[in-house]
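Close look at the chain arrangement
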Amino acid sequence: MARPGILGVGASVPEKRLTNHDLEGMVSTSDEWITQRTGIRERRILREGEDPTVLGIEAAQGALTAAGLGAEEVELVITPSNVQIMPVPGSSALILSGLRVRDGPRANHVPFFDIVAGCTGFIYALEVARHMLYGGYRHILVIGLEALSRFTNWQERETCVLFGDGAGAVVVGTVEGERGILSSYLAAESAKWPLLQVEAGGTQLPASRETVAAGQHFLKMEGRGVFEEAVRMMEEASLRALEQAHVTKEEVAWYVPHQANLRILKAFARRLNIPWSKVLVNIDRYGNTSTASIPLALAEAVRDNRLRKGDLVVLAGFGAGVTYGASVIRW
Ligand code: ACO
């Protein structure tokens with residue numbers, strides 16, 4: 001049987017490391033507090049002037065190489081992210097332009113769009129890509145790109161210790177046999193959107209001297225509230241997606257939850273009653289990279305041969321909106 005699946009995965013992170021010790025010199029915090037409360041030891045951050053588009057392009061090129069495809073074989077680009085590279089046009093346009101798709105049937109005419117669904121954006125985009133494949137597309141790039149360091153208040157210790165920059169991409173295409181995306185469950189509780197927001201810079205509150213002075217362009221978050229919802233939502237989504245795929249949680253080789261906080265990941269594993277050794281974790285080195293965190297973890301696991309062909313994988317996410325969801329994939 002042929003069904004939509006992942007043909008290749010790639011990732012890219014900025015070169016600059018920001019350690020907890022570096023943060024000790026910026027806000028009133030400590031390596032001990034950050035490590036114990038979040039599990040993060042360091043994160044990658046774009047330097048001033050560095051273009052986040054490059055991360056998206058490199059991740060996409062990595063995924064294409066892994067899939068054995070050239071950029072000219074891409075027929076659609078979908079970029080999930082919380083905050084776009086520019087307000088207009090969407091990030092996909094900039095990444096696609098950098099990929100320089102000059103040859104092939106769709107040269108210079110490849111359609112694209114962005115998805116804003118919080119940190120669950122990658123799972124949402126994967127599900128859209130799956131359905132587009134049934135509609136006749138053959139190779140779709142899904143690129144989770146996030147540069148939240150540019151929206152972080154570096155004087156607010158509650159948030160600045162959490163986030164990192166990065167990009168992760170997959171090529172979605174048709175795979176054979178038992179492999180492929182077996183199920184997907186998407187959900188949201190939109191009444192809870194105030195838990196995570198960037199107030200200004202949109203049409204409700206356009207950028208002005210006042211909004212900049214009041215710090216309204218920075219990401220604001222109710223950490224405790226998000227924490228509680230995250231665990232419940234990722235558990236619920238995973239169970240529903242497993243049920244839809246007609247597989248049991250014991251059959252799963254790898255759980256790949258959105259890397260938001262190590263304590264959230266541990267609580268997720270406890271609630272699902274799954275062995276901790278089956279959870280892919282890289283938050284210690286990258287922090288929360290939002291829509292990039294799941295493909296980034298997948299790319300690493302493929303690279304070091306932990307994630308193998310035929311493995312059953314559960315992706316689970318939650319994020320601003322508040323959105324949540326899960327996918328079950330036979331790798
Ligand atoms: N360093 C030292 N102390 C700190 C820091 C810090 N960086 N940040 C907060 N504190 C202090 C607080 O001021 C508070 O002090 P007080 O007791 O004197 O008032 C104390 O530590 C405890 O603060 P809490 O907020 O209760 O700490 P908590 O254990 O809940 O951890 C955290 C906070 C890490 C934010 C946690 O709630 C969390 O991870 N929440 C989820 C966040 C998340 O997932 N966000 C992303 C979602 S989606 C997206 O990425 C867009």
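These remarks concern the structure in this document. (Residues numbered from 1 in each chain as written. Predicted model: local features only at pLDDT ≥ 70, side-chain atom pairs only at ≥ 80, totals over all residues. Heavy atoms only, no water.)

In this section: the packing of helix α8 (residues 223-245) against helix α9 (residues 262-272). The contact between α8 and α9 brings their axes to 9 Å, and the two run at 45°. Between α8 and α9, the crossing angle belongs to the class labelled oblique. Crossing angle aside, the handedness with which α8 passes α9 is right-handed. Together, F227, A230, V231, R232, M234, E235, S238 and L239 of α8 and R263, I264, A267, F268, R271 and L272 of α9 make up the contact between the two elements. A breakdown of the residues in the contact of α8 with α9 according to their chemical character gives 9 nonpolar, 1 polar and 4 charged. (Axes fitted to C-alpha atoms, helices over the stretch in contact; angles between N-to-C directions. Helix = DSSP H or I, 4+ residues; strand = E, 2+ residues; numbered from the N terminus. Parallel < 35°, antiparallel > 145°, perpendicular 65-115°, else oblique. Left-handed = near helix turned anticlockwise from the far one by under 90°. Contact = heavy atoms within 4.5 Å. Nonpolar A, V, L, I, M, F, W, Y, C, P; charged D, E, K, R; others polar.)

Turning next to the pattern of salt bridges. Scanning all chains against the criterion turns up 17 salt bridges. Note that K192 is salt-bridged to E229, the shortest N-O span being 3.3 Å. Taken together, the positions of K192 in the loop between β8 (180-188) and β9 (196-198) and E229 in helix α8 put the pair 37 residues apart, joining distant regions of the chain. Among the residues examined, E229 registers a relative accessible area of 15% and is labelled buried. Between E235 and R271 there is a salt bridge, with the nearest N and O atoms lying 3.0 Å from each other. Remark: R271 occurs in helix α9 and E235 occurs in helix α8; sequence separation between them is 36 residues. (Salt bridge = Lys/Arg side-chain N within 4 Å of Asp/Glu carboxyl O. Buried < 20%, exposed > 50% of the residue type's maximum accessible area, 1.4 Å probe, protein only.)

Neighbouring residues of the ligand: 24 residues in total, closest T29, R37, C119, R224 and N261. Within the backbone of G223, one N or O atom sits 2.9 Å away from a nitrogen atom of the ligand. Between the ligand and N261 there is a distance of 2.5 Å, counted from an oxygen atom to a side-chain nitrogen or oxygen. When contributions to the shell around the ligand are tallied by element, the ones reaching two or more residues are α2 (31-38), α6 (157-160), α8, α9 and β12 (312-319). Here the shell around the ligand gets 4 residues from one element, more than from any other, and that element is α8. Of the residues in the shell around the ligand, the class split is 12 nonpolar, 7 polar and 5 charged. Both of domain 1 (3-177) and domain 2 (182-330) provide at least three residues apiece to the shell around the ligand. (Near = heavy atom within 4 Å. Polar contact = N/O pair within 3.5 Å; in protein donor to acceptor, adjacent residues only side chain to side chain. Domains from an automatic or database assignment.)

Let us look at the side chain of E229. Polar contacts involving the side chain of E229 include one to the side chain of K192, which spans 3.3 Å. At 2.6 Å, the side chain of E229 forms a polar contact with the side chain of R232. Residues in contact with E229, not counting those within four places in the same chain, are E189, K192 and L195.

The next point concerns the side chain of Q259. Assignment of secondary structure puts Q259 in the loop between β11 (254-257) and α9. A distance of 2.9 Å separates a polar side-chain atom of Q259 from the backbone oxygen of P257. Side-chain polar atoms of Q259 contact the backbone oxygen of L280, separated by 2.9 Å. Once you skip the residues sitting within four places of it in the chain, Q259 turns out to touch L265, L280, V281, N282, I283, G287, N288, T289 and S293.

With that out of the way, let us pick up the sheet that holds strand β1 (residues 3-12). Reading across the sheet, the 5 strands line up as β1-β7-β6-β4-β5 and stay open at both edges, with mixed pairing between neighbours. With one partner strand each, in any of the chains shown, β1 and β5 (112-115) form the two edges of the open sheet. On average, each strand axis in the sheet is inclined to that of its neighbour by 20°, with strand direction left out of account. Seen against the sheet, helix α11 (residues 293-303) touches β1 and β7 (165-175) and runs at an angle of roughly 90° to β1. (Pairing = 2+ DSSP bridges.)

If you look at the biggest cluster of nonpolar residues, it comprises 33 residues, and the most contacted ones within it are Y255, I264, F318 and V328. When residues of this core are assigned to their parent elements, the largest contribution, 10 residues, is made by α8. (Core = buried A, V, L, I, M, F, W, Y, C linked by side-chain atoms within 4.5 Å.)

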